[in-house]
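# Reading the structure
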Amino acid sequence: MTRVKRGVSASKRRKNVLEDAKGYRWKRSSLYRAAKQAVIKAGVYAYRDRRTKKRSMRRLWITRLGIAVRELGMKYSQLINTMTVKHIEVDRKVLSQMAMENPTIFAKFIEKVK
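Residues numbered from 1 in each chain as written. Predicted model: local features only at pLDDT ≥ 70, side-chain atom pairs only at ≥ 80, totals over all residues. Heavy atoms only, no water.

Before going further, it helps to examine unusual backbone geometry. In this model, Trp26 sits at a positive phi of 60°, which is unusual for a non-glycine residue. Checked against the element boundaries, Trp26 lands in the loop between helix 1 (7-20) and helix 2 (32-71). Owing to a relative accessible area of 66%, Trp26 belongs among the exposed residues under this scheme. Even without a glycine there, the phi angle at His87 is positive, about 60°. (Helix = DSSP H or I, 4+ residues; strand = E, 2+ residues; numbered from the N terminus. Buried < 20%, exposed > 50% of the residue type's maximum accessible area, 1.4 Å probe, protein only.)

Further remarks concern the nonpolar core. Grouped together as the largest cluster of nonpolar side chains are 15 residues, with contacts concentrated most on Val69, Leu79, Met83, Leu95, Phe106, Phe109 and Ile110. The set of elements that each furnish at least two residues to this core consists of helix 2, helix 3 (76-85), helix 4 (92-101) and helix 5 (103-113). In contact with Ile110, other than residues within four places in its own chain, are Val69, Leu72, Met74 and Leu79. (Core = buried A, V, L, I, M, F, W, Y, C linked by side-chain atoms within 4.5 Å. Contact = heavy atoms within 4.5 Å.)

This is how it looks when you write it as structure tokens:
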């Protein structure tokens, strides 16, 4: 069997980890062992926060909608309830954007829903 020298693949793997850790502080950006731990942990945080981001954005949209709807004399829960009863299916993201960017159109929409 022929001899396999593993130095090239090992150094490539270490180089890739150190590239991923570029911009980290202190030894986490320059020493392989610390960089490897930091990159793994960063991946865990990124995976977790991709899901958390969805929750926090939905909370933001609901908060914006609540404020915009209260200015027009209605509560958020009443808006969602009447939309459900009347089978109006517009998601919170679109309603929030409408309230922020086009308040007059949003006011007309709320009047239609009432």
